[in-house]
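# Residue-level structure breakdown
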Amino acid sequence: MDALILAFVVVVIGGLGSLEGALVGALLVGVVREAGIALFPEIELAVLYLMAVAVLLVRPAGLLSRA
């Protein structure tokens with residue numbers, strides 16, 4: 001279940017259909033997840049969801065989407 005959540009957040013952040021976006025999304029998720037575990041271990045998954053929501057509010061198609 002954890003891998004499914006991480007994959008969903010990576011696709012949301014990077015944009016569907018963008019390989020470069022998936023790489024950037026995976027990097028951001030990795031960094032934010034490790035920082036979240038170190039700083040806020042109780043709400044680590046919530047930090048990822050908040051990051052995904054912030055990206056969706058700013059760029060609904062993803063950070064590096066082509067559309």
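Residues numbered from 1 in each chain as written. Predicted model: local features only at pLDDT ≥ 70, side-chain atom pairs only at ≥ 80, totals over all residues. Heavy atoms only, no water.

### A few points about the side chain of Glu 44
We apply this condition: A run of H or I in DSSP counts as a helix once it spans at least four residues, and a run of E counts as a strand once it spans at least two, with each numbered from the N terminus. Here a polar contact is recorded for every N or O atom pair within 3.5 Å, except that within protein the pair must consist of a potential hydrogen donor and a potential acceptor, and residues adjacent in sequence are included only if both atoms are side-chain atoms.
Here Glu 44 is to be found in helix H3 (residues 44-58). Separated by 2.7 Å, the side chains of Glu 44 and Arg 33 make a polar contact.

### A few points about a nonpolar patch on the surface
The condition is simple: Patch construction takes residues with relative accessible area above 30% that form no salt bridge. Like charges are linked within 9 Å, and nonpolar side chains (Val, Leu, Ile, Met, Phe, Trp, Tyr) are linked within 5 Å. Values of accessible area rely on a 1.4 Å probe in the Shrake-Rupley scheme; residue burial ignores everything except the protein chains shown. A carboxyl oxygen of Asp or Glu within 4 Å of a side-chain nitrogen of Lys or Arg is what we treat as a salt bridge.
A contiguous nonpolar patch, built from Phe 8, Leu 45 and Tyr 49 and spanning about 280 Å² of accessible area, is present on the exposed surface. With respect to the helices, strands and loops of the structure, Leu 45 is situated in helix H3.

### Digging into helix H2 (residues 19-39)
It helps to recall that an α-helix has 3.6 residues per turn; residues three or four apart then point in one direction. Rules: Helix span is expected to be 1.5 Å times the residue number reduced by one. Throughout this description, buried means an accessible area under 20% of the type-specific maximum (1.4 Å probe, protein chains only), exposed means over 50%, and partly exposed covers the range between. Read the arc as the range of directions from the helix axis to the C-beta atoms. Contacts are assigned to residue pairs with any non-hydrogen atoms lying within 4.5 Å of each other.
With 21 residues, H2 ought to run about 30 Å at 1.5 Å a step, and its terminal C-alpha atoms sit 30 Å apart, in line with that. Looking only at H2, the buried set comprises Gly 21, Gly 25, Val 29 and Gly 36. Considered in projection along H2, the buried side chains sweep an arc of 65° and stay on one side of the axis. Opposite the buried face of H2, by more than 90 degrees, sit the exposed residues Leu 19, Leu 23, Leu 27, Val 31, Glu 34 and Ala 38. Considering only its buried residues, H2 is in contact with helix H1 (2-14) and H3.

### Some details on the nonpolar core
Keep this limit in mind: Within this scheme, the nonpolar core is defined by two criteria: the residues are buried Ala, Val, Leu, Ile, Met, Phe, Trp, Tyr or Cys, and they are joined through side-chain atoms within 4.5 Å.
In this structure, Leu 6, Val 9, Val 10, Val 12, Ile 13, Val 29, Leu 48, Met 51, Ala 52 and Val 55 together form the largest nonpolar core, which totals 10 residues. Elements that contribute at least two residues to this core include exactly H1 and H3. Among the elements that line this core, the one with the most residues is H1, at five residues. Residues in contact with Val 12, not counting those within four places in the same chain, are Ala 52, Val 55, Leu 56 and Gly 62.

### Thoughts on the pattern of salt bridges
What the rule picks out here adds up to two salt bridges. For Arg 33, the salt bridge is made with Asp 2, and the minimal N-O distance between the two is 3.0 Å. With Arg 33 in helix H2 and Asp 2 in helix H1, this residue pair connects regions lying 31 residues apart in the sequence. The residue Arg 33 makes a salt bridge to Glu 44 at a minimum N-O spacing of 2.7 Å.

### What to know about the environment of Arg 33
Looking at Arg 33, the relative accessible area reads 22%, which means it is partly exposed. With 15 residues separating them in the primary sequence, Arg 33 and Leu 48 have C-alpha atoms 6.8 Å apart. Leave out the neighbours within four places in its chain, and Arg 33 touches Asp 2, Leu 6, Glu 44 and Leu 48.

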